[in-house]
Amino acid sequence: SFFRKKNRHEHLSAYASLLARQGVELARNFRQSLTPKALFLILAALVVIVLFGRNLKDIILVAVLAFAASYSTIYKRTIRMPSAVELVTLGTVITGAAYGPLVGALFGIFTTIASEIISSGVDVNTLFYAISRGIAGGIAQFLIVNFGLGVVMTGMISLVIFHVVSDAIYVISGGIEAVPKVVYFIVVNTLFNLLVFTFLGGPLLSFARL
């Protein structure tokens, strides 16, 4: 009986020790998984849920647009070039036009920062990128509803706002050497967004307003 109790105690101690080690390992893995990118995406998801409540269609649409926008510049990880091909502007204008200035501004700010984090492109200019996109998202609905502009024209105006704010800062900080990059960025970014807004802007906005 004594040896049986002793063996049982040893088994319980070993089991408790195993559970403790597993708990520590789980906590360590969880802490390591909470990267700035993960925390940012979790926060963005919570904001979307708070803003849209139980409207599943809108939550899914905004989530898809945010995912596409955030990962659209991931190529910058391997190709160090200006992110002229991007879907942040499209998502910002669509959400702002469909759901109002607050949602549009938050979408533009969050996805701009997320895309910079994901593409490892965060620098001193990221704040200006986010601010300019926030402004574009905040006025998108105003341009379409109050001025009667189409989604393509609204998208182009959003690009002008973005480039006026961000490119001016980029040129000031980079000097004359930054001018060729800025010209390349403006031309490619404008042509790409013109194509995207022409073919996807109308259908996406109509779906968002359903």
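Here the structure is shown first, and the text comes after it.
Residues numbered from 1 in each chain as written. Predicted model: local features only at pLDDT ≥ 70, side-chain atom pairs only at ≥ 80, totals over all residues. Heavy atoms only, no water.

Undergrad: Please explain the side chain of N193 as it appears in this structure.
TA: Along the chain, the position of N193 falls in helix 8 (residues 179-208). Overall, the relative accessible area of 0% leaves N193 in the buried class. When neighbours within four sequence positions are excluded, N193 is seen to be in contact with E86, T89, L90, M156 and L159. (Helix = DSSP H or I, 4+ residues; strand = E, 2+ residues; numbered from the N terminus. Buried < 20%, exposed > 50% of the residue type's maximum accessible area, 1.4 Å probe, protein only. Contact = heavy atoms within 4.5 Å.)

Undergrad: Looking at this model, I keep getting lost on the pattern of salt bridges. Mind explaining?
TA: Where charged atoms of side chains with opposite charge meet at close range, the side chains can pair. Within the structure shown, the criterion is met by two salt bridges. A salt bridge links D58 to K57, with the nearest nitrogen and oxygen atoms 2.8 Å apart. With relative accessibility at 8%, the residue D58 sits in the buried group. You can call K57 partly exposed: its relative accessible area is 23%. For the salt bridge of E86 with R133, the shortest nitrogen-to-oxygen distance reads 3.6 Å. In this pair, E86 sits in the loop between helix 3 (56-71) and helix 4 (88-99) while R133 sits in helix 6 (residues 126-145), placing the two residues 47 residues apart along the sequence. The two residues E86 and R133 agree in class, both being buried. (Salt bridge = Lys/Arg side-chain N within 4 Å of Asp/Glu carboxyl O.)

Undergrad: What's the story with the packing of aromatic side chains in this structure? I'm lost.
TA: Pairs of aromatic rings are described using the distance from one ring centre to the other and the angle between the two planes. Considering all chains together, one arrives at four aromatic pairs under this definition. With centroids separated by 5.4 Å and ring planes inclined at 70°, the aromatic side chains of F142 and F147 adopt a geometry described as edge-to-face. When its relative accessible area of 55% is taken as the criterion, F147 is described as exposed. Site record: aromatic cluster; members linked through ring pairs are Y129, F162 and F185. Sitting over the ring of F207, K57 keeps its end group 5.5 Å from the ring centre. A cation over a ring is seen here: R133 above F162, with NZ or CZ 3.9 Å from the ring centre. (Phe/Tyr/Trp six-rings, centres within 6.5 Å; stacked < 30°, edge-to-face > 60°. Lys NZ or Arg CZ within 6 Å of the ring centre and 35° of its normal.)

Undergrad: How should I be thinking about the nonpolar core in this particular structure?
TA: Generally speaking, nonpolar side chains in soluble globular proteins are found buried as a group. Counting 25 residues, the largest nonpolar core has F52, I94, Y99 and L205 as its most contacted members. Elements represented by at least two residues in this core include exactly helix 2 (36-52), helix 3, helix 4, helix 5 (101-118), helix 6, helix 7 (151-174) and helix 8. At seven residues, helix 4 tops the list of elements feeding residues into this core. If sequence neighbours within four positions are ignored, L205 has contacts with I94, A97, A98, I144 and V151. (Core = buried A, V, L, I, M, F, W, Y, C linked by side-chain atoms within 4.5 Å.)

Undergrad: Help me understand the packing of helix 3 against helix 5, please; the structure alone is not making it clear to me.
TA: Relative orientation and spacing of two packed helices are given, respectively, by the angle between their axes and the distance between those axes. Put simply, helix 3 and helix 5 touch, their axes get as near as 7 Å, and they point 40° apart. Classified by the angle their axes make, helix 3 and helix 5 are oblique. Relative to helix 5, helix 3 is oriented so that their crossing is right-handed. Counting all contacts with helix 3, which are made through V62, L65, A66, A69, S70 and Y71, the residues of helix 5 involved are F107, T111, A114, S115 and I118. The residue makeup of the contact of helix 3 with helix 5, split by class, is eight nonpolar, three polar and no charged. (Axes fitted to C-alpha atoms, helices over the stretch in contact; angles between N-to-C directions. Parallel < 35°, antiparallel > 145°, perpendicular 65-115°, else oblique. Left-handed = near helix turned anticlockwise from the far one by under 90°. Nonpolar A, V, L, I, M, F, W, Y, C, P; charged D, E, K, R; others polar.)

Undergrad: I tried to follow helix 3 on my own but got confused; where do I start?
TA: In an α-helix, one turn spans 3.6 residues, which is why side chains three or four residues apart end up on the same side. With 16 residues, helix 3 ought to run about 22 Å at 1.5 Å a step, and its terminal C-alpha atoms sit 22 Å apart, in line with that. Those residues of helix 3 lying buried are D58, I59, L61, V62, L65, A69 and S70. End-on, the buried residues of helix 3 take up no more than an arc of 165°, which puts them together on one face. Seen from the open side of helix 3, the exposed residues pointing more than 90 degrees away from its buried face are L56, V64 and F67. (Expected span 1.5 Å × (residues − 1). Arc of directions from axis to C-beta.)

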